[in-house]
Amino acid sequence: MKVAIIGTGYVGLTTGVTLAFLGHDVTCLDVDAAKIAQLNQGISPIYEPHLDELMAASRSRLNFTTSAKDALSQAEVIFIAVGTPSLADGNPNLAYLKSAAQSVGEHIQSPYVVIVNKSTVPIGSGNWVESLVRDAFRAKNENSKSQFVVASNPEFLREGSALMDMLFADRVVVGSDDEKAVSVMRKLYQPLIEQTFTPPSFLPRPENFKMVNFLSSDLQSAELIKYAANAFLALKISFINEISELSEKVGADITHVAKGIGLDSRIGNKFLQAGLGWGGSCFGKDTAALISTGKEYGLPMVITQAAKEVNTRQRIRMVEILASELKILKGRKIGILGLAFKPFTDDLRDAPALDVAQKLIDRGAKVVGFDPIAMSRAKKEWADSEIQFADSAEAVFEEADAVVLVTEWPEFLDLDFSKLSKDMRNALMLDGRNHLDVAVLKKAGMKVITLGRSS
Ligand code: UGA
């Protein structure tokens, strides 16, 4: 099928590359000419494991352009995957969505087009997009007969494992009130739903993985599924973090508690890793949007609100723990291991590292950070902050009064802690992700503080 994708961010690019890999003719459209030029050279502008390789494997069916006419006029399915960042009031900024919808209306020519909202958009946006497309289409084509339908197809990809999440998804959700649109979308995803494709060697199919669930619903339900899924995952993390704080008080070990409750199949063992809490571009934005939608309808979203509060508290707690250990923060050197909001990505949006670092800087500490992948991005995006950047993970420890592990990169496990503890002024390690081996660190002469475990 002929597919167009508007927006080459995480969602748009991974969707486009995957659909091309599955055999569709895909054109990715973006207003950023530099990004398109880079993509045309086969280089991904984002760090996502195996994306470059999958792009190379799908190159013959993949085009990148800044021309809306080239991308949209012949497309049978158009994905809108533009950014919807949060505004100050918690509502998403829909300016990019609006201009994408208008551009679609101006350029579509195929006899039947399914326009798919892939961006996370407020409930009711499907109707809004449809009216924007219709107005733009009518203004341009008085007597033309192109028919179009708007559908919602939320994405459930995690950065860092986006391609595996896409190829071997738990489910594909399509929301539309038009049966034909649902069947077009089912056909588009057929190789994925039925797992008839041969996976590339670098993205092997998980053992016993047979089929992807396909769920069709009305438009609003699909839109709400996206918000509800992210809010539920966020509150699962905040719940375990709240229990983790209690766990410290009563002398329990949160890793055992999480395992013990996670073995109950009704609860499940995923997203129960206690630590510094969630960051990234999605959970914060989507919980804020859900709360703001509730407010619009006079409905306080108390559980989602509480999940946010617990998450904010986790970041504050890190600074409080350091203050209680070091007494004085002014003039201290604190090292930060890991800057990206999670491992296997260089994404720094709502990264807990920046928040923790800024709070320490505000209290007079000097903060030196390191990340295996996100350094060049951090130097650019955080140029205004007073964070200093180290050249290696080891350099973070030099003369430090404490080191905080913020992102659980696997390579941090291989550091020579016996040597590093001697490089520190005060051998204190705060493990914000319960990632390190406490016994190894203690043997190396470090004092270790973990979250939710009496160490
Ligand atoms: C999240 C969802 O997991 C995806 O399903 C969704 O598609 C995506 O948002 C989106 O809306 O675009 P993502 O933010 O990329 O994906 O990454 P996650 O793996 O969910 O991690 C989010 C944050 O939660 C990270 O900071 C991570 O460190 C933290 N986390 C995760 C925990 O603190 N504990 C856990 O047990 C799991």
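Above: the structure in question.
Structure report, in brief. (Residues numbered from 1 in each chain as written. Predicted model: local features only at pLDDT ≥ 70, side-chain atom pairs only at ≥ 80, totals over all residues. Heavy atoms only, no water.)

1. Structural notes on the overall build of the protein
Basically, it comes down to this: Helix numbering and strand numbering both begin at the N terminus, where a helix is a DSSP run of H or I of at least 4 residues and a strand a DSSP run of E of at least 2. We take the radius of gyration over the C-alpha atoms and set the globule estimate at 2.2 Å times the residue count to the 0.38 power. Relative accessibility thresholds used throughout: buried, under 20% of the residue-type maximum; exposed, over 50%; partly exposed, between the two (1.4 Å probe, protein chains only). Contacts: residue pairs with any heavy atoms within 4.5 Å of one another. Calculation of accessible area relied on Shrake-Rupley with a 1.4 Å probe; when residues are assessed, cover is drawn exclusively from the protein chains displayed. Residues counted as positive are Lys and Arg, residues counted as negative are Asp and Glu, and His and the chain ends are not counted. Working definition for charges: the position is that of NZ of Lys, CZ of Arg, CG of Asp or CD of Glu.
The helix and strand inventory of the protein stands at 17 helices and 14 strands. Its C-alpha radius of gyration of 24 Å places the protein within 12% of the 23 Å reference for a compact globule of 455 residues. Principal-axis analysis of the C-alpha atoms places the extent of the protein at approximately 75 × 50 × 45 Å. Counting every position in the protein, which comprises 455 residues, the buried fraction comes to 54%. Intrachain contacts of the protein at a sequence separation of at least 6 include 73% that bridge at least 24 residues. Summed over its atoms, the accessible surface of the protein is roughly 20,300 Å², and 52% of this surface lies on carbon and sulfur atoms. Placing the 50 positive and 55 negative side-chain charges of the protein at their respective mean positions leaves the two points 2 Å apart.

2. Some words on the side chain of Ser 247
Along the chain, the position of Ser 247 falls in helix α9 (residues 219-250). Apart from the residues lying within four places of it in its own chain, the contact partners of Ser 247 are Ala 252, Asp 253, Ile 254 and Gly 452.

3. Considering the site of the ligand
To keep it simple, the criterion reads: One heavy atom suffices: a residue is near a molecule or strand as soon as one of its heavy atoms comes within 4 Å of it. As used in this structure description, the phrase polar contact means that two N or O atoms lie within 3.5 Å; if the pair is within protein, one of them must be able to donate a hydrogen and the other to accept it, and residues adjacent in sequence are counted only when both atoms belong to side chains. Gly counts as polar in this scheme, as do all residues outside two lists: the nonpolar Ala, Val, Leu, Ile, Met, Phe, Trp, Tyr, Cys and Pro, and the charged Asp, Glu, Lys and Arg.
Close contacts around the ligand come from 21 residues, with Glu 155, Glu 159, Lys 226, Asn 230 and Lys 342 the closest. A distance of 3.3 Å separates an oxygen atom of the ligand from a polar side-chain atom of Arg 433. Contact with the protein chains covers 92% of the free accessible surface of the ligand, which is 710 Å². Secondary-structure elements contributing two or more residues to the shell around the ligand are α9 and α11 (283-296). Per-element accounting of the shell around the ligand gives the leading share, four residues, to α9. Taken together, the residues of the shell around the ligand break down into ten nonpolar, four polar and seven charged.

4. Quick word on the pairing of strand β6 (residues 147-152)
Which entries qualify depends on this criterion: In short, DSSP must find at least two bridges between two strands for them to pair. Call a crossover right-handed when, viewed with both strands pointing away from you, the route from the first strand across the helix to the second goes clockwise.
For β6, the buried fraction is high: five of the six residues fall into the buried class. Pairing of strand β5 (residues 112-117) with β6, which is carried by six bridges, proceeds in the parallel orientation. Residue pairing for β6: Val 113 is matched across the bridge by Phe 148. Crossover handedness for the path β5 to helix α6 (residues 125-140) to β6: right-handed.

5. Regarding the packing of aromatic side chains
Put simply, the rule is: Pairing of aromatic side chains here covers Phe, Tyr and the six-membered ring of Trp, requires ring centres within 6.5 Å, and sorts the geometry by plane angle: under 30 degrees stacked, over 60 edge-to-face, intermediate tilted. The rule for a charge over a ring is simple: NZ of Lys or CZ of Arg within 6 Å of the ring centre, and within 35 degrees of the ring normal.
Enumeration according to the criterion identifies eight aromatic pairs in this entry. With 6.1 Å between their ring centres and 80° between their planes, Phe 21 and Phe 197 make a pair best called edge-to-face. One end of the pair, Phe 21, is in helix α1 (residues 10-21); the other, Phe 197, is in the loop between α8 (179-193) and β8 (213-217), and 176 residues separate them in sequence. Each of the two residues, Phe 21 as well as Phe 197, counts as buried. Cation over ring: Arg 171 sits above Phe 156, and NZ or CZ is 3.5 Å from the ring centre. Lying across the ring of Phe 197, Arg 205 places its NZ or CZ 5.0 Å from the centre.

6. Considerations on the nonpolar core
Keep this limit in mind: Here, nonpolar core refers to any group of buried Ala, Val, Leu, Ile, Met, Phe, Trp, Tyr and Cys residues whose side-chain atoms link them within 4.5 Å.
If you look at the biggest cluster of nonpolar residues, it comprises 59 residues, and the most contacted ones within it are Leu 322, Leu 337, Leu 360, Phe 397, Phe 417 and Met 446. The dominant element in this core, judged by the number of residues it contributes, is helix α12 (residues 302-326), at six residues. Setting aside its immediate chain neighbours within four residues, Met 446 contacts Phe 397, Phe 417, Leu 420, Ser 421, Met 424, Ala 427, Met 429 and Leu 441. If you look at the next biggest cluster of nonpolar residues, it comprises 48 residues, including Cys 28, Ile 46, Ala 81 and Met 166.

7. Some thoughts on the pairing of strand β7 (residues 171-175)
Of all the five residues making up β7, four are buried; the element is thus mostly covered by neighbouring parts of the structure. By the bridge criterion, five bridges tie β7 to β8 in an arrangement that is parallel. Note that in β8 the partner of Val 172 across the bridge is Phe 214. Once you follow β7 into α8 and on to β8, the crossover reads as right-handed.

Scope: geometric values only; no functional claims are made or implied.
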